[in-house]
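# Structure assessment
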2 protein chains.
Amino acid sequence: MSNQTFQPAALFAERMSIIPTSFIREILKVAARPEIISFAGGLPNPKFFPVDAIKAAADKVLTQDGRGTLQYTTTEGYQPLREYIAARYKQKQGLTISPDEILITNGSQQAIDLLGKIFVDKGNKILLELPGYLGTIQSFSAYQPDFGGVRLNEDGVDTEQLAHLYAKHRDIKLFSAIPNFQNPSGTSYSTEVRERVADVLESYNTVVIEDDPYGDLRFIGTRQPSLKHYLGEKAVMMGSFSKTVAPGLRLGWIVATKPIMEKLVVVKQAADLHSNYFAQRVMHQYLIDNDVDAHIATICKAYGEQRDAMLTAIEEFFPSEVRVTKPEGGMFLWATLPEGVVSMDLFDKAIKQNVAFVPGKPFYVEADDYRGGGENTMRLNFSNADAATIREGIKRLGVVMEEMLVAVA
Amino acid sequence: MSNQTFQPAALFAERMSIIPTSFIREILKVAARPEIISFAGGLPNPKFFPVDAIKAAADKVLTQDGRGTLQYTTTEGYQPLREYIAARYKQKQGLTISPDEILITNGSQQAIDLLGKIFVDKGNKILLELPGYLGTIQSFSAYQPDFGGVRLNEDGVDTEQLAHLYAKHRDIKLFSAIPNFQNPSGTSYSTEVRERVADVLESYNTVVIEDDPYGDLRFIGTRQPSLKHYLGEKAVMMGSFSKTVAPGLRLGWIVATKPIMEKLVVVKQAADLHSNYFAQRVMHQYLIDNDVDAHIATICKAYGEQRDAMLTAIEEFFPSEVRVTKPEGGMFLWATLPEGVVSMDLFDKAIKQNVAFVPGKPFYVEADDYRGGGENTMRLNFSNADAATIREGIKRLGVVMEEMLVAVA
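Each value, and the rule that gives it
- Residues numbered from 1 in each chain as written.
- Chains lettered and ligands numbered in written order.
- Predicted model: local features only at pLDDT ≥ 70, side-chain atom pairs only at ≥ 80, totals over all residues.
- Helix = DSSP H or I, 4+ residues; strand = E, 2+ residues; numbered from the N terminus.
- Rg over C-alpha atoms; globule rule 2.2 N^0.38 Å.
- Buried ≥ 20, exposed ≤ 12 C-beta atoms within 10 Å, placed from the backbone.
- Contact = placed C-beta atoms within 7 Å.
- Least-squares fit on C-alpha atoms with pLDDT ≥ 70 in both.
- Expected span 1.5 Å × (residues − 1).
- Pairing = 2+ DSSP bridges.
- Nonpolar A, V, L, I, M, F, W, Y, C, P; charged D, E, K, R; others polar.

## Digging into the overall build of chain A
Counting its secondary structure elements, chain A contains 13 helices and 14 strands. What you see for chain A is a C-alpha radius of gyration of 22 Å, in line with the 22 Å of a compact globule of 409 residues. Overall, the C-alpha framework of chain A stretches about 65 × 65 × 50 Å when taken along its three principal axes. Per-residue burial for chain A yields a buried fraction of 56% across its 409 residues. The contacts in chain A between residues at least 6 apart in sequence include a share of 76% that link residues at least 24 apart.

## With respect to the relation of the copies chain A and chain B
Taken as rigid bodies, chain A and chain B are interconverted by a rotation of 180° and an axial shift of 0.0 Å, the fit giving an RMSD of 0.0 Å. Look at the turn and shift together and you get a two-fold axis relating the two. Residue by residue, 100% of the interface of chain A is reproduced at the interface of chain B, so both copies engage with the same surface.

## Describing helix α11 (residues 292-317) of chain A
Taking 1.5 Å of rise per residue, 26 residues should cover 38 Å, and α11 of chain A covers 37 Å from first to last C-alpha, within 8% of that figure. Lining the buried residues of α11 of chain A we find β10 (323-324), β11 (332-336), β14 (377-381) and α13 (387-408) of chain A.

## Side note on unusual backbone geometry
Looking along the chain, the bond that leaves Asn183 of chain A and enters Pro184 of chain A is cis, with omega of 20°. Along the chain, Pro184 of chain A turns up in the loop between β6 (172-177) and α7 (191-202). Of note in the backbone geometry, Arg170 of chain B takes a positive phi value of approximately 65° without being a glycine. Inspection of the secondary structure assignment puts Arg170 of chain B in the loop between α6 (159-169) and β6 (172-177). At Leu273 of chain B, a position not held by glycine, the phi torsion is positive, near 70°. Checked against the element boundaries, Leu273 of chain B lands in the loop between α9 (258-272) and α10 (277-289).

## Some words on the sheet that holds β6 of chain A
Strands sit in the order β2-β9-β8-β7-β6-β3-β4-β5 (chain A) across an open sheet of eight strands; the sheet is mixed. Either end of the sheet is taken by a strand with one partner, and the two such strands are β2 (102-105) and β5 (156-157) of chain A.

## Quick word on the interface of chain A and chain B
Each partner contributes to the interface: chain A provides 76 residues, whereas chain B provides 76 residues. Of all the secondary structure elements, the ones that give two or more residues to the side of chain A that touches chain B are α2 (51-69), α4 (107-119), α5 (134-141), α7, α9 (258-272) and α10 (277-289) of chain A. Grouping the constituent residues of the side of chain A that touches chain B by class yields 40 nonpolar, 22 polar and 14 charged.

## A look at helix α7 (residues 191-202) of chain B
Residue and element names in this part refer to chain B. The first and last C-alpha atoms of α7 sit 17 Å apart over twelve residues, in line with the 16 Å expected at 1.5 Å per residue. Taken together, the buried positions of α7 are Val193, Arg194, Arg196, Val197, Ala198, Val200 and Leu201. On the buried face of α7, the contacting elements are β5 (156-157), α6, β7 (207-211) and α8 (227-231).

The values reported here are purely geometric and, on their own, carry no functional implication.
This is the structure in structure tokens:
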């Protein structure tokens, strides 16, 4: 019948050959087997989800305004939720942001997609961190940019390389950064690096995307000034409730000034009219009825202890040649094996010992200025296992690493 | 400071000059004034939202599996919800669809956006109905297609014109259709038109997007076979819970066979990881714990009575030269004024009499094969007002129409 003429592969848009399929999806499928200790995921610990408080919030909004809560709403999002976010920026970071400069999105993942849509034409130059967040690589790929990569050092992005790339290309549209407890590396930008990033970007017509899903999850030290603090409207900030409240509610946001916000609202409306209104109402009710800071402090204490357990076990069990980052917050740390040791091979051996992680290679964009690399790196998640499990998993990984190092040497 | 160098307008992607800003947003702002009888919106009647049943469902899922409900989940969507949708296609339409062929989206609006993303390169030819759904025009515009338009007749799309366009261009990638109670026109495809559409498309490598948000809201007659019934995998179907349950939960879906579904999952993940999981769980619990068919029958009875009230009042109060569609379901009907009477002018006069509607012009794509048109048309929504209010609003509109017809004559 009609199937004889149907060749869908011939109909797909060009971008479909460019968007990377998620390697991590496959990793996570393997890592989900119950016998495996998994450091592969990127999940917040469900033990801390405020289930009862969310239930009370859902009951309250449906009781007080059920019909309103279940109806269509404005594209920008629930006004009191936008006001809450703006007030929190003022309170926690001293940033003056109007609720009108906030758009509610389906997690910060959608924020990335919308920003790609409004800014990126095919072939436009955009910069990501190396290693960079996979979701950003995936989302932006759909708009067929020319990716560039900027190395991360221990104190944040390499500002010399950043300056070099901006000077060389001059027409870089976006630089996408996660300055706090970056995914995947766990590194944070020092104050000095933030200042230098601002200095570099000052003279270019460019946007910095300041993605900050983990900023509240700090166990050590104090919050650093945001890039927006230095760069004003050049910085588009993103935030998320996924790590502090619950990811299943899929709520994040973008902060942008008016000219950019007007475009974001157009593409958000075209993308899905508005974010889940029921979830927005429940989230807002939860936020105003509960001590959110106490809740976040509980999460930070636990994740901090888990991070310590992981670093202690690494010290004890990993070969001394393996370098790791020491994150001050967030959910991940990053290990670098000696040159020539391939973490994908390590993964295959580790799985046989029932322990999993994510090999680092997919976090490196294939950019004109950067080909390959990252083969000897790996991401370890510490948010989703208790200290004893972490110790056992790291011990197993250490044994496999020792074997590989001997084989390579 | 940095603001001197910041010219965001120079950074926006080319597509941003193409996506139409929503004219309807402005209309709806005016129509929202409380003294106005509005036939402008496209909202389901909140009187029928199953508030208590949703509240019970939310309580149940959070009590039984709170942590699971609030965690990240798979991109494809909640498996039991996909199974429910598949079973319903079998039960109501005799269509055999695997749950694996269903992707849960943020309302069917997101489904349109994802389909645009996987299929449409800049300059690709795609066909919409004339008049067409504004959300489709907006979403697809982001991918910069070359739009074509196919007239709607009383019994559905003009299949002669459809055949002509396919024969002329040969490389039309998509034809986007709403065969049941279309938004904006209220028209439905007859069985014969469906068969002829299938005949036309049979020999081309093309996709028909069969958008069906209103299909369950039938007051008159019986359900017609879907285009998918005739076209198999060439038809990508879309559905929504927004009109039968509640739009604030933002849940719709796409039905597509494996090669297309694989691509959809990639772009869905890049777009927002997955649809709101809490809402998916609540929706599924609601669907299995309640008599959904009885609920839909209640809505159909009410909308049918409101549609009758509107047609009766139109018969009584509109000038006889005004033609209207007689929808068998859905939420809208379409009026065509005599040539030369501009519905935008009518809108300005109607607002002064505290009655609102949506002028028809924005529903016509500016296509190569079709420039302009629609100035004398208008959309009237009947789902969101009671019979007495509808009668009063139509009466006021009739007076303004009479005045305009006299002025034109």
